[in-house]
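# Descriptive structure summary
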Amino acid sequence: MFYLSLKTSVTAVTAIWLSIAVTADARADAASCPSSIPFGLTTALTGNLALLGTQARNGAEFAVDEINAGGGIAGKKIALTTEDTGASSTDALNAMNRILEGKPLVILGSMISPHVFAQTEVVTKSETPFLVGATNAKVTMQGSKWLFRTHVHDGQLAELIPEYLVKTLGKTKPGIMAVADDYGLGASKGIQAALAKLKVSPAAVASYAPSDKDMSAQLLEIKDKGADSLILFGRPADVTLVIKQMNDLGIKLTTIGNSSIVAQTTLNNLSAAEADGGYAIGGMIPQTSTDAKIMDWSKRVQDKYKVPADNFTVSYYDTVYLLKSIIEKVGCDKAAIRDALAATKDSKGMLISYQADGQGDLAHTLGIYRNKGKTPELTGPIKESGY
Amino acid sequence: MGQLVVNGLALGSIYALVALGLLLIFNTVQIVNFAQGQLLMLGAFIGISCAVTHELPVATAWAITMVAMALVGIVFMVLVYFPLRGRPAFLVILTTIAMGIVLENLALIVWGPLPVSLPSPVRGPPFRFAGVVVSMHQIFIFATLAVILLLQFFFLTKTRFGILMQATAQDLHTARLVGIPVNRTIAVAFAFGTVLSGIAGLLVAPIFLAEPTMGGSLGLKGFVVSVIGGFGNLPGAVIGGLFLGLIETFGARYISSNFRDAYAFIVMIAVLVAWPRGLFGEKSSEKV
Amino acid sequence: MKSWFMLALSAAVTLAVPVVVHDGYIIQLLNIAILNAIVVLGLNFVTGWAGQINFGQAAFYGLGAYTTAIATKAGLPWIAAPFLSVIVVVVASLMLGLPTMRLRTYYLAMTTIGFGEIVRLMIVHWEPVTGGTSGLRAIPGVSVFGFGPQGQMQHYYLLIATLGLAILIASRIRHSVLGRAMIATRDSEIAAEQSGVDTTRTKLLAFMIGAVYAGLAGCLYASSIRFISPDSFSGTQAILLMTMLIVGGMGSIAGCVVGAVALTILPEALRFLGQWYLVLYGLGVIAVIVMAPGGLASLASLAQLRRANAG
C-alpha cells in the first residue's frame, strides 16, 4: 500500500505539477478576462460599399463562431458586437462611438480607409487595440500606436505591381486605369511614383467614377496613346466592366491589377475568353489553394453567407485567431494585447504569416495570380522587399 | 474617333429611352418621375429573373418583363399620381425620389448587391469596318430605339387613342369635359412610360451589368436629357440623348475622364441659361 | 401666454440635456443634429418661404466646411474661418443663383442637383487641397483668443447658442419686408411682381441667406467634428436635408429644428433594421407628404386648433 512504484510516483508528481500549471494559467486568464469577452467590429453592412464590408463581418463572425463552438478562449466565449458604418465617414464615426460604449477589449475596423481615418482619433483616445483591413498606405502612418493592419496595403501593391510588370513581364508603356475614389486614386499615385523610379512613364493615366458604366472613352485613350499593357485598379463591379468592354472593343493588352481581377464576383460575370490572361497581385485568396482544409473552409463560408470568401474574409478570420492566441498568452489586458501585437513574429495564418513592423503593419506577403480562363492560378507568393 | 461616335451614340440611345419614358408620363400628367432610373433597374432585374434564374429563352424574358413593367406602371400611377394630384410640383418630386429610394433598397434586399449579367437577345460577332468595332448588341440598341420611335409616332398621330392621349396632354380638364376617357389615357401613359424604362434596363444589363444602384445615375442622365431637349418634346429628347452620349464620351476621352458626370450638368446648365425652356421649348404653357 | 411657457420649457430641457445624458455618443449625435437644423433653417428661406426648389444646400454646407478646414489647417487663426466660409458660399450662391433666376420647378431642381454634383466632383478631384475622397482630418477646433470648447458638452452649448441665434434671425426676417416678399413670391410670382415685389432680387437674397446659414454650419461642423469627407455633403445628403424640411414642416421655423433632429437621430436609432431602414424611411417620407404635407409642425398646430375648438 505504501510502496509506490517509481513509475506511479513519477506519474503522480507529473500530474500534480501539470494541474498546478494548468490551474495557474487558467487563473491568469480567468482573472483578467470577463466571462464574455467583448470584441467590437465596425464595417459597412449597408450602402454602396456593403459588397466589400460584409466580407469583414463574414470572416470575423465565422472565426468567432468556430472559436465559441470549440469552447471559446480559455473557456470564455467571445461576444462579437457589430456596428454598421454605412456609406459615409460620419456614420462610421457614429458607429465607432456606439461600439466604444460597450467597452470592447479589441476592435476590428473596416477595410474602407476613409472610415478608418475618421475613427482613428477616438479609438486611440480609448486606448483599445484597433485592427483594420483598410488598404490606404497612410492608414498606419497616423502615429497611433493602437492601430494595426492585418491586410496587405496599397503602398505594397503600388511598388510590386509596376516592378512585376516591368521586370518580369517586360512591358514598358503601361496605361493606368483606376476607380476615382480614395482607393483607386491613392493607388494610382503610388503606381505612378513607382514607375518613375523604374524610369518608365505611363502612356496614359485615366480614371472613372465608381458608378460609371461606360469606360470605353478611357480605354480608347489608352489604346490610342500606344500602351502595351494596362494597370487596372478598381473594385470587382467596375473591373468586370472594364475587362468586358476592353474585349468588346477588341483591345488586347496585358492586364495587371489588384485582386479584383481574380475575385470570384468578377469572374462570375466574365466569359473564359474575357478573363483569360489577367494578372493580379494582392492579398492572398483562398480559391487557388489545393489544401483540402482551406477548400472546405471556403465552401462552408460560401454556404453560410451566400457570397464567395475573398482575401478580406481570410484576413479578418486570421485576425480573430491571432487575437485568440495573444489573449491566451497575455490575458484580457488591452495594453498587453497591444504590446503583443506589436511584437508579432511569424504568426501563422491561413495563407500567410504575420509579422509586425514598426508602423503596425502585419501583412507582408502577397500573391501573384493569373487567370486561366475563369480560374485564377497562383503564380507564387511575393514578399514585400525586406521580408 | 469613329469608335467614340459609335459608343457615344449607343450610350445616348439608352439616355434617350429613359427620357422618352419620362416624357410620356410628364406630357400627360405634368409629373417628373424621379424614380424613372429605378424603374429601369426593375426592368433589368425582372428580365434577369426570367432569363437567368428561371432559364427562360431571352425573347420570353423580354415579353414577360414588358408586361410586368406595364403593370408596375399602373401601380405606380395609383400610388403616386392619384394621391398627389394638384399638389405643388416639388412635393411630387420628393415623393418620386422617395419611391426611388424604396425601390432601390427593396431590390438590394431581394437581389443582393452583386452585379449580374443578362444575355443579349442577339448573338454574333461584331461588325468591323474602318477600324471601328460595332457589336451586335449596339446595333440592337439602335434598332430598338428606331422601332420604338416609329411605333410611338404612329400610335400618337395615326391611331384614335393616340390622338386622345395628345389631347389629354394638351389640356387635361378640357379633355375630360369633352368626354375623353382621361383616366384611361393616363393609365396608358404610365404603363407605356414604365415599359420604355424597362426596355432600357433590358438593353443596359448585357453591357453594363445589373445591380440595384444602377438606376440612380442613368435616371439622372435621363432627366438632364429631358431638360436639354425641353420638357414635353419627344424628338428633342431623342436628339438630346444622342447628343449627351456623344458629349460624355468625347469629353471623357479628350478633356478629362474625371469629370465625366459633370459634362451632362454643365451642358444642361449652359443650355438652360441660354434657353430657359430647353433647346426646343416646352410644349405645355406655364401654370400660374 | 402658453407659447411663452412652451418656449421656456423647451429652452430649459435643451440646456439640461447634456447634464442629464452623460453619453458622449448621444451628445455628438445631437451636435450633428443641431448643425443640420441650422442648414435646414437656411434651406427654409429658399424653399420654404421663397418657394424655390434647392437640392444644392448640401454643397454650400460642404463649401463652408472645406473652406474652414483648409484655412485653419493652413495656419490661419480660427476667427478668419467663418468670414472666409461666408465669402465662399456667397460667391457660390451667386454663381448658382444669377443664371437660374428665370428657371422653373423641374429645371431649377435639376440645375441645383447639377450644381451639387459639380461641387462634389471638384472636391473629390482637387486632392492636394481637399484630401480627395480620404477627406481632411485633424482639423483645428474653434479657438478665439486661445479659448475654445473642449469636449462634446461644451461644443453642445456653443452649437445651441448658434442655433438660437439662427432661429432669432430667421424669425426677424420672417416678419420683415423681405420675409413677406419671399412668401409672396412663393405663392404667386406674377401676383407678387404686380404688387411691386422685385421677385428676382428676393429669390437671389433667399438663396444667399440660405447659403450663408449652410456655410456657417459647415464651418462649425469642420471645427467640432474635426474630420470631413465629401460623402457627408453628397446629393444623398441634399435629399435628406429636403426631407428634413418637409417632414418637419416647410415654412415653419420650429418645423426645421424638429425635422432635422428627428431625421438625424432616427437613422441611428433604427440602425438595427439594416437595409430595411431606408425602405421604411422612403415610405415614411411618402406617407408624410401624402397625409400631412405641412409636416410634423402642421400636425402640432392642428392639435392646437382642435383643442381651441373643443374648449
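Structure: see above.
Every chain is numbered on its own, with residues counted from 1 as its sequence reads. For naming, the first written chain is A and the first written ligand is 1, with later ones following in the order written. Side-chain atom pairs in this predicted model are given and counted only at pLDDT of 80 or more, local residue features only at pLDDT of at least 70, and totals for whole chains, interfaces and linings cover all residues.

In DSSP terms, a helix is any run of H or I states spanning at least four residues, a strand is any run of E spanning at least two, and both are numbered starting from the N terminus. Within chain C one finds 14 helices and 2 strands. Radius of gyration means the value over C-alpha atoms here, while the globule rule gives 2.2 Å times the residue count to the 0.38 power. A compact globule built from 311 residues should have a C-alpha radius of gyration of about 19 Å, and chain C, at 19 Å, falls within 12% of that. Dimensions of chain C along its principal axes, counting C-alpha atoms only, are 55 × 50 × 45 Å. When burial is assessed residue by residue, chain C has 53% of its 311 residues classed as buried. In chain C, of all internal contacts separated by at least 6 residues, the share reaching a separation of at least 24 is 78%. For the exposure call, what matters is how many other C-beta atoms sit within 10 Å of a residue's own: 20 or more marks it buried, 12 or fewer exposed, and in between partly exposed, using C-beta atoms placed from the backbone. Once C-beta atoms have been placed from the backbone, residue pairs whose C-beta atoms lie within 7 Å are recorded as contacts.

A few words now on the overall build of chain B. Assigned secondary structure in chain B consists of 11 helices and 2 strands. In sequence order, chain B lays out its α and β elements as α-α-α-α-β-β-α-α-α-α-α-α-α. A compact globule built from 288 residues should have a C-alpha radius of gyration of about 19 Å, and chain B, at 19 Å, falls within 12% of that. Overall, chain B is about 60 × 50 × 35 Å in size when its C-alpha atoms are taken along their principal axes.

The next point concerns the interface of chain B and chain C. Listed as interface residues are 35 residues of chain B and, on the opposing side, 33 residues of chain C. Taken together, the elements giving at least two residues each to the side of chain B that touches chain C come down to α3 (58-84), α4 (89-111), α9 (214-229) and α11 (260-274) of chain B. Counting residues per element, the side of chain B that touches chain C draws most heavily on α4 of chain B, at 15 residues. Taken together, the residues that form the side of chain B that touches chain C break down as 29 nonpolar, 3 polar and 3 charged. As a working rule, the residues Ala, Val, Leu, Ile, Met, Phe, Trp, Tyr, Cys and Pro are called nonpolar, Asp, Glu, Lys and Arg charged, and the rest polar, with Gly in that last group.

At K199 of chain A, a residue that is not glycine, the phi angle is positive and equals roughly 65°. Assignment of secondary structure puts K199 of chain A in the loop between α6 (182-197) and β7 (204-208). Judged by C-beta crowding, with 8 C-beta atoms within 10 Å, K199 of chain A ranks as exposed. Its identity is not glycine, yet E55 of chain B carries a phi of approximately 55°, on the positive side. Within the secondary structure layout, E55 of chain B lies in the loop between α2 (36-53) and α3. Judged by the 8 C-beta atoms lying within 10 Å of it, E55 of chain B is exposed.

Take the sheet that holds strand β13 (residues 365-372) of chain A next. All names here are of chain A. Strands are treated as partners if at least two bridges between them are detected by DSSP. Spatially, the 7 strands line up as an open sheet ordered β7-β6-β8-β9-β10-β13-β14, and their pairing is mixed. A single partner strand is all that each edge strand has here, and the edge strands are β7 and β14 (375-383). On average, each strand axis in the sheet is tilted by 20° relative to the strand beside it, whichever way the strands run. Examined bridge by bridge, β13 and β14 share 8 bridges and lie antiparallel to one another. Looking at β14, one finds that G367 is bridged to P381. Lying over the sheet, helix α5 (residues 154-168) contacts β6 (174-179), β8 (229-233), β9 (254-257), β10 (279-282), β13 and β14, oriented at roughly 150° with respect to β10. Across the face of the sheet, α6 comes into contact with β6, β7 and β8 while running at roughly 155° to β6. A fitted line through C-alpha atoms serves as each axis, taken over the contacting stretch for helices, and the angle formed by two N-to-C directions is quoted from 0 to 180°.

A word on helix α13 (residues 334-342) of chain A. Residue and element names in this part refer to chain A. All buried positions along α13 are accounted for by I337, R338, A340 and L341. Considered in projection along α13, the buried side chains sweep an arc of 165° and stay on one side of the axis. Residues of α13 that are buried make contact with β3 (106-108), β5 (147-149) and α12 (311-330). Taking the helix axis as origin, the arc is that swept by the directions to the C-beta atoms.

Attention now moves to the nonpolar core. What we call a nonpolar core is a set of buried Ala, Val, Leu, Ile, Met, Phe, Trp, Tyr and Cys residues whose membership is set by joining through C-beta atoms within 7 Å. Counting residues in each nonpolar core, the largest one holds 320 residues, and the members touching the most others are V224 and M268 of chain B together with A37 of chain C. In terms of residue count, helix α1 (residues 2-29) of chain B provides more of this core than any other element does, 18 residues in total. Those domain boundaries reflect an automatic or database domain assignment. Residues from two domains meet in this core; each of domain 1 (33-152 + 289-356) and domain 2 (155-282 + 368-383) of chain A gives at least three. With near-sequence residues (within four places) excluded, M268 of chain B lies in contact with V224, V227 and I228 of chain B together with M110 and G114 of chain C.

A word on the interface of chain C and chain A. Contacts between chain C and chain A engage 21 residues on the former and 21 residues on the latter. Looking at the side of chain C that touches chain A element by element, the count peaks at 5 residues for helix α2 (residues 24-49) of chain C. Taken together, the residues that form the side of chain C that touches chain A break down as 5 nonpolar, 10 polar and 6 charged.

To continue, consider the packing of α1 of chain B against helix α5 (residues 136-158) of chain B. Residues and elements named next belong to chain B. One way to put it is that α1 packs onto α5 with a least axis distance of 10 Å and a crossing angle of 40°. By the angle between their axes, α1 is oblique relative to α5. In this structure, α1 meets α5 at a crossing whose hand is left-handed. Taking contact as the criterion, the partners of V6, A10, S13, I14, A16 and L17 in α1 are, on α5, Q138, I141, F142 and L145. For classification, angles of less than 35 degrees are called roughly parallel, those exceeding 145 degrees roughly antiparallel, those between 65 and 115 degrees roughly perpendicular, and all remaining angles oblique. A crossing counts as left-handed when the near helix is turned anticlockwise from the far one by less than a right angle, and as right-handed when that turn is clockwise.

What follows covers the pairing of β8 of chain A. If a strand is regular, its side chains alternate between the two faces of the sheet. All names here are of chain A. The element β8 is extensively covered by neighbouring structure, given that 5 of its 5 residues are classed as buried. Residues S229, I231 and F233 of β8 are buried on one face, and the alternating residues L230 and L232, pointing to the opposite face, are buried as well. Two elements, β6 and β8, share 5 bridges in a ladder whose sense is parallel. For I176, the partnering residue across the bridge sits in β8 and is I231. With 4 bridges joining them, β8 and β9 adopt parallel strand pairing. Residue pairing across strands places L230 opposite T255, the latter belonging to β9. Seen with the strands pointing away from the viewer, any crossover whose path from the first strand over the helix to the second strand runs clockwise is right-handed. In this view, the connection linking β8 to its parallel neighbour β9 by way of helix α8 (residues 236-248) has right-handed handedness.

It is worth spelling out the environment of N136 of chain A at this point. Structurally, N136 of chain A can be placed in the loop between β4 (130-132) and β5. N136 of chain A sits 211 residues away from S347 of chain A along the chain, and the two C-alpha atoms are 23 Å apart. Contacts of N136 of chain A, omitting those with residues within four sequence positions, involve S113, D154, D182 and G186 of chain A together with S134 of chain C.

All names here are of chain B. Helix length check: α2 (18 residues) gives 25 Å between terminal C-alpha atoms against 26 Å at 1.5 Å per residue, within 8%. Burial analysis of α2 places 15 of its 18 residues in the buried class, which makes it a mostly covered element. One or two residues past the end of α2 sits E55, with phi positive at roughly 55°. For a helix, the expected span equals 1.5 Å multiplied by the number of residues minus one.

What follows concerns the sheet that holds strand β2 (residues 77-84) of chain A. Residue and element names in this part refer to chain A. Read from one edge of the open sheet, 5 strands run β2-β1-β3-β4-β5, paired in parallel fashion. Across the chains shown, the open sheet's two edge strands, defined by having one partner strand only, are β2 and β5. The average undirected angle you get between the axes of adjacent strands in this sheet is 25°.

It is worth spelling out the environment of T185 of chain B at this point. All names here are of chain B. Examined against the element boundaries, T185 turns out to sit in helix α8 (residues 182-208). A residue is classified by how many C-beta atoms lie within 10 Å of it, and T185, with 22 of them, is buried. Those residues within four positions of T185 in sequence are excluded, and the remaining contacts are T28, L164, M165, T168 and I180.

In this section: the environment of K252 of chain A. Residue and element names in this part refer to chain A. Inspection of the secondary structure puts K252 in the loop between α8 and β9. Under the C-beta neighbour-count criterion, K252 is labelled exposed, with 11 such atoms within 10 Å. Sequence-wise, K252 and K225 are 27 residues apart; in three dimensions their C-alpha atoms are separated by 14 Å.

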